[in-house]
Amino acid sequence: MAKVAREMVERTGINVDELVELLISNASAELTTFYYYTILRVNLIGLEGEGIKEIAETARIEDRNHFEALVPRIYELGGKIPGNMNAFHDISACPPASLPENATDVKAILKVLVEAERCAVRGYTHICNLTAGKDHRTYDLALAILNEEVEHESWFSEFLGEGPSGHFMRRGETSPFVSKFLR
Amino acid sequence: MRVFTLQDLSRYNGRDGNLAYVAYRGLVYDVSGSYFFRGGRHWVRHNAGSDLSDEIDQAPHDESLLQRFPVVGSLTMVE
């Protein structure tokens, strides 16, 4: 634990135990999403599915990066991730992004993807709101993740016909916002 | 429609087998079926069995997410 770092956050009035619990449940959401997105990506096939596969893969890798970036902050603040993988899965901040019953229904897969991203956007907005102007490091991390989740949402939303995303797919490395926490 | 006091509502806290109800702007919703209220808590800080009107107004979502769940009564502030 980073003793003074935690103390600095406590002094702002933030309930650090609650914050750590939130970070753990969001770390769980990221890792479980990485797992479920693997299944979704595998099933994005055919004329409709192949065009979406690449952004699903980018979102999948970036969600894993989010997990990797969150874990050090959890430990800095005196928390720890559960020793049991089942327990970790069950505390996820977001519902499982499960494969739809009809695995060939690309639109249904897109709806699962966009709902997962929307849950993440809400979750990191919540953490940013809690930490803004108080816990600078957690805020910086949550904001970096939020930037990527917003882009993921807009990619999938565009494919659902909700309007242009205003974005293009990643060029170059993944996680342009979060990579500074992964070095 | 059943009328709940805050004390009545507090029994529906989603814990120990209790149903999970929350109030928002005078209506009481049954959120027992919501993934987000497992164990009676939503994102660590928001508890079932209480009036969440102020908290929802500050939440990163609007009330439409709550309105997907059945209304089971109204909330009175008279004890």
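Residues numbered from 1 in each chain as written. Chains lettered and ligands numbered in written order. Predicted model: local features only at pLDDT ≥ 70, side-chain atom pairs only at ≥ 80, totals over all residues.

Quick look at the overall build of chain B
Working step 1: Per the secondary structure count, chain B includes two helices and seven strands.
Working step 2: The linear arrangement of helices and strands in chain B, starting from the amino end, is β-α-β-β-β-β-β-α-β.
Working step 3: For 79 residues, the compact-globule formula gives about 12 Å, and the C-alpha radius of gyration of chain B, at 11 Å, lands near that figure. (Helix = DSSP H or I, 4+ residues; strand = E, 2+ residues; numbered from the N terminus. Rg over C-alpha atoms; globule rule 2.2 N^0.38 Å.)

Looking at helix H3 (residues 46–76) of chain A
All names here are of chain A.
Working step 1: Its 31 residues place the ends of H3 45 Å apart at the C-alpha level, agreeing with the 45 Å of an ideal helix rising 1.5 Å per residue.
Working step 2: Along its length, H3 reaches its greatest deviation from straightness, about 35°, at Lys53.
Working step 3: Looking at the residues trailing H3, positive phi occurs at Gly78, about 90°. (Expected span 1.5 Å × (residues − 1). Bend = angle between axes of the 7 residues up to and from the residue.)

Some words on the pairing of strand S3 (residues 27–30) of chain B
Working step 1: Sheet analysis places strand S2 (residues 21–24) of chain B next to S3 of chain B, joined by four bridges and oriented antiparallel. Along S3 of chain B, the bridge assignment pairs Ala23 of chain B with Val28 of chain B. (Pairing = 2+ DSSP bridges.)

Structural notes on the pairing of strand S7 (residues 71–75) of chain B
Residue and element names in this part refer to chain B.
Working step 1: Two strands pair when backbone bridges link them, and strand S1 (residues 2–4) and S7 are joined in this way by three bridges, in the parallel orientation. Paired with Val3 across the two strands is Ser74, which belongs to S7.
Working step 2: Alignment of S3 against S7, held across three bridges, turns out to be antiparallel. Note on S7: the bridge partner recorded for Tyr29 is Val71.

As for the packing of H3 of chain A against helix H5 (residues 106–131) of chain A
Residues and elements named next belong to chain A.
Working step 1: Interhelical geometry of H3 versus H5 gives an angle of 20° and a closest axis separation of 10 Å. The orientation of H3 relative to H5 falls into the category roughly parallel. The two elements H3 and H5 cross, and the hand of that crossing is left-handed. Touching Glu48, Gly49, Ile52 and Ala56 of H3 are Val106, Leu110 and Leu113, all from H5.
Working step 2: Tallied by class, residues from the contact of H3 with H5 come to five nonpolar, one polar and one charged. (Axes fitted to C-alpha atoms, helices over the stretch in contact; angles between N-to-C directions. Parallel < 35°, antiparallel > 145°, perpendicular 65-115°, else oblique. Left-handed = near helix turned anticlockwise from the far one by under 90°. Contact = placed C-beta atoms within 7 Å. Nonpolar A, V, L, I, M, F, W, Y, C, P; charged D, E, K, R; others polar.)

Focus: the environment of Arg6 of chain A
All names here are of chain A.
Working step 1: Looking at where Arg6 falls in the secondary structure, it is placed in helix H1 (residues 3–10).
Working step 2: Separated by 23 residues in the primary sequence, Arg6 and Ala29 place their C-alpha atoms 24 Å from one another.
Working step 3: When neighbours within four sequence positions are excluded, Arg6 is seen to be in contact with Met1, Val16, Leu77 and Gly78.

Describing the nonpolar core
Working step 1: In terms of nonpolar packing, the biggest core is built from 45 residues, with Leu23, Leu40, Ala56, Ile74, Leu110, Leu113 and Ile145 of chain A touching the most fellow members.
Working step 2: Elements supplying a minimum of two residues to this core: helix H2 (16–42), H3, H5 and helix H6 (136–159) of chain A.
Working step 3: Residues in contact with Leu40 of chain A, not counting those within four places in the same chain, are Ala56, Ala97, Leu99, Ile109, Val112 and Leu113 of chain A.
Working step 4: In this structure, Val22, Phe37, Leu66 and Leu75 of chain B belong to the second largest nonpolar core, which totals 15 residues. (Core = buried A, V, L, I, M, F, W, Y, C linked by C-beta atoms within 7 Å. Buried ≥ 20, exposed ≤ 12 C-beta atoms within 10 Å, placed from the backbone.)

Points about the sheet that holds S1 of chain B
Working step 1: Reading across from one edge, S1-S7-S3-S2-S6 (chain B) is the order of the five strands in this open sheet, with mixed pairing throughout. Every interior strand has two partners, whereas the edge strands, S1 and strand S6 (50–51) of chain B, have only one.

Focus: the confidence of the model for chain B
Working step 1: Of the residues in chain B, 99% reach a pLDDT of 70 or more, and the chain-wide mean stands at 92.
Working step 2: Across the interface, the model reports ipTM at 0.81; the global pTM reads 0.92. (pLDDT = per-residue confidence, 0-100.)

Considerations on the environment of Trp155 of chain A
All names here are of chain A.
Working step 1: Turning to its location among the elements, Trp155 is positioned in helix H6.
Working step 2: You can call Trp155 buried: it has 24 C-beta atoms within 10 Å.
Working step 3: Taking the C-alpha atoms as reference points, Trp155 and Val114, 41 residues apart in sequence, are found 8.5 Å from one another.
Working step 4: Non-local contacts of Trp155, meaning those with residues more than four positions away in its chain, are made with Ile55, Ser165 and His167.

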